[in-house]
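Close look at the chain arrangement
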Amino acid sequence: EPSDAKVADLLGRTVEWKPDEIWYEADPRHVEKMLADMDLEGCNSRAAPGAKVAEQEDDEEELEQADAFKYRSVVARANYLAQDRPDIRFAVKELCRDMSCPKLRSWRALKQLCRYLQGVPRLVQKVPIGKENSQWLEVFVDSDFAGCRRTRKSTNGGCLIWNGICLKAWSTTQTVVATSSGEAEYYAAVKGAAEGLAFQSMCLDLGVELKVRLHTDSTACRGVCNRRGIGKIRHMEVALLWLQDQVKKAKIHLVKVMGTDNPSDLMTKYLTRSEIDKFLGTMRYEFEGGRSSAIDGGQS
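What this report covers is the structure whose coordinates are included nearby.

Definitions and cut-offs
Along each chain, the written sequence defines residue order, and numbers are assigned to residues from 1. Only residues with pLDDT of 70 or above have their local features reported here, since the model is predicted, and side-chain atom pairs are shown and tallied only from 80 upward, although totals for entire chains, interfaces and linings are computed over all residues. Where side-chain values are given, they derive from all heavy atoms of the structure, hydrogens and water being excluded. Basic side-chain nitrogens of Lys or Arg form a salt bridge, by our definition, when they fall within 4 Å of a carboxyl oxygen of Asp or Glu. Only DSSP runs of H or I covering at least 4 residues are called helices, and only runs of E covering at least 2 are called strands; the numbering of each starts at the N terminus. Only protein chains enter the accessibility calculation, which uses a 1.4 Å probe; a residue is then buried when its area is under 20% of its type maximum, exposed when over 50%, and partly exposed in between. Each helix should span, by expectation, one fewer than its residue count multiplied by 1.5 Å. Strand pairing is assigned whenever DSSP detects at least two bridges linking the two strands. Here the axes come from fitting lines to C-alpha atoms, over the contacting stretch only for helices, and the angles between their N-to-C directions go from 0 to 180 degrees. As defined here, a cavity is a set of points on a 1 Å grid over the protein atoms alone where a 1.4 Å probe fits but cannot get out. A pocket is an open set with protein on both sides within 12 Å along at least five of seven lines, and residues line them when an atom is within 4 Å of a point. Grid points are joined across faces, edges and corners, and a volume is the space filled by probe spheres set on the points. Under the grouping applied here, Gly and all other residues not named as nonpolar or charged are polar, the nonpolar ones being Ala, Val, Leu, Ile, Met, Phe, Trp, Tyr, Cys and Pro and the charged ones Asp, Glu, Lys and Arg. Throughout, disulfides are identified as pairs of cysteine sulfur atoms within 2.5 Å of each other.

**Details of the pattern of salt bridges**
According to the stated counting rule, one finds 18 salt bridges in the structure shown. Notably, a salt bridge pairs Arg-122 with Glu-25, separated by 2.6 Å at the nearest N-O pair. Within this pair, whereas Arg-122 is found in strand 4 (residues 122–128), its partner Glu-25 is found in strand 3 (residues 21–25), the two being separated by 97 residues in sequence. Overall, Glu-25 belongs to the buried group, its relative accessible area being 4%. Where Lys-168 meets Glu-195, a salt bridge forms, and the shortest distance between an N and an O atom there is 2.7 Å. Of this pair, Lys-168 sits in strand 7 (residues 165–173) while Glu-195 is found in helix 5 (residues 181–205), placing the two residues 27 residues apart along the sequence. A residue is classified by how much of its surface remains accessible, and Lys-168, at 35% relative accessible area, is partly exposed. Residue classification places Glu-195 among the buried positions, given a relative accessible area of 14%.

Structure, rendered in structure tokens:
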């Protein structure tokens, strides 16, 4: 109703009701606190949240105890912020891998992330009200084969999209070393299928029936999913053949997507600013300038 409150504060996140949209935003104070802790207030901004580490930088000295403590504190805050910001998920995931033993290169990577957030402190998801009602839960998955120079492990990236709205995104390092890009993409597809079916089950509890459609840009992955058995890839865990059964039973519908149109690519590697903006747009995210005026001083 016109007299009802139009803004709510949910665990620090701002939810604002507009005439034809709902705006959802992570607490921008996390960015302010990160910049203050790293002594980077007013620093120059970067176009991307990170860059690949050169091979010669693999072996570096560890941080001093005080800096290591600060590193863990700031990265933990960034990890919480990344739940609502797909643009930094991959960068934060890489920083979290060094939490146990942060090094100088880890420190530099954290500063790069902070400088990126200095330029784009606010990312708002704008959800249209009552525009669509799709029966499909779209799951986009991707993998960066052997992207880690130190371990040669690949990354699982993915996102759940319904009615054009990103409901969840993830970026995780695979636990095993994939021996081919097709294998790495298949592991990413298994992760995405599990996330999609879990979300489908939760929606069913709420009275919403959805079908799961899995999008991958890997032809090899689709080939493995559509056949029965492990064939020549016997080294793969038999448990992962579960996905083949889900496809066979039509619980998961496979769809080919172009790599340039796959938003999950955002969660597998460092991208350019233009690519970041493109994929965020497909998930209905927009950068906003300045601090939110909806909640003054952090009070709901």
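**Regarding helix 5**
A turn of α-helix holds 3.6 residues, and therefore any two residues three or four places apart point the same way. Over its 25 residues, helix 5 runs 37 Å from end to end, which matches the ideal 36 Å to within 8%, given 1.5 Å per residue. Two residues or fewer past helix 5, Gly-207 is found with a positive phi of approximately 85°.

**So, the sheet that holds strand 10 (residues 285–288)**
With respect to topology, five strands assemble into an open sheet ordered 1-2-3-4-10, the strand pairing being antiparallel. Of all the strands in the sheet, the pair left with one neighbour each is strand 1 (7–10) and strand 10. Neighbour-to-neighbour, the strand axes of this sheet turn through a mean angle of 25°, independent of strand direction. With four bridges connecting them, strand 1 and strand 2 (residues 13–17) associate as antiparallel partners. Bridging from a neighbouring strand, Val-7 pairs with Glu-16 of strand 2.

**Some words on the sheet that holds strand 5 (residues 136–144)**
On the basis of which strands lie adjacent, the open sheet formed by five strands has the order 7-6-5-8-9 and mixed pairing. Across the chains shown, the open sheet's two edge strands, defined by having one partner strand only, are strand 7 and strand 9 (252–256). The sheet shows a mean angle of 20° between the axes of neighbouring strands, taken without regard to direction. Taken together, the five bridges between strand 5 and strand 8 (residues 211–216) define a ladder with parallel strand orientation.

**Overview of the layout of surface pockets**
In this structure, the second largest pocket spans a volume of roughly 430 Å³. Lining the second largest pocket are 23 residues, with Gln-125, Ile-165, Cys-166, Leu-167 and Lys-168 positioned closest to its centre. Class assignment of the residues belonging to the lining of the second largest pocket gives a composition of 16 nonpolar, three polar and four charged.

**A closer look at the state of the cysteines**
Throughout the structure, instances matching the rule amount to zero disulfides. With no disulfide of its own, Cys-166 has Cys-159 as its nearest cysteine by sulfur position, at a separation of 5.2 Å.

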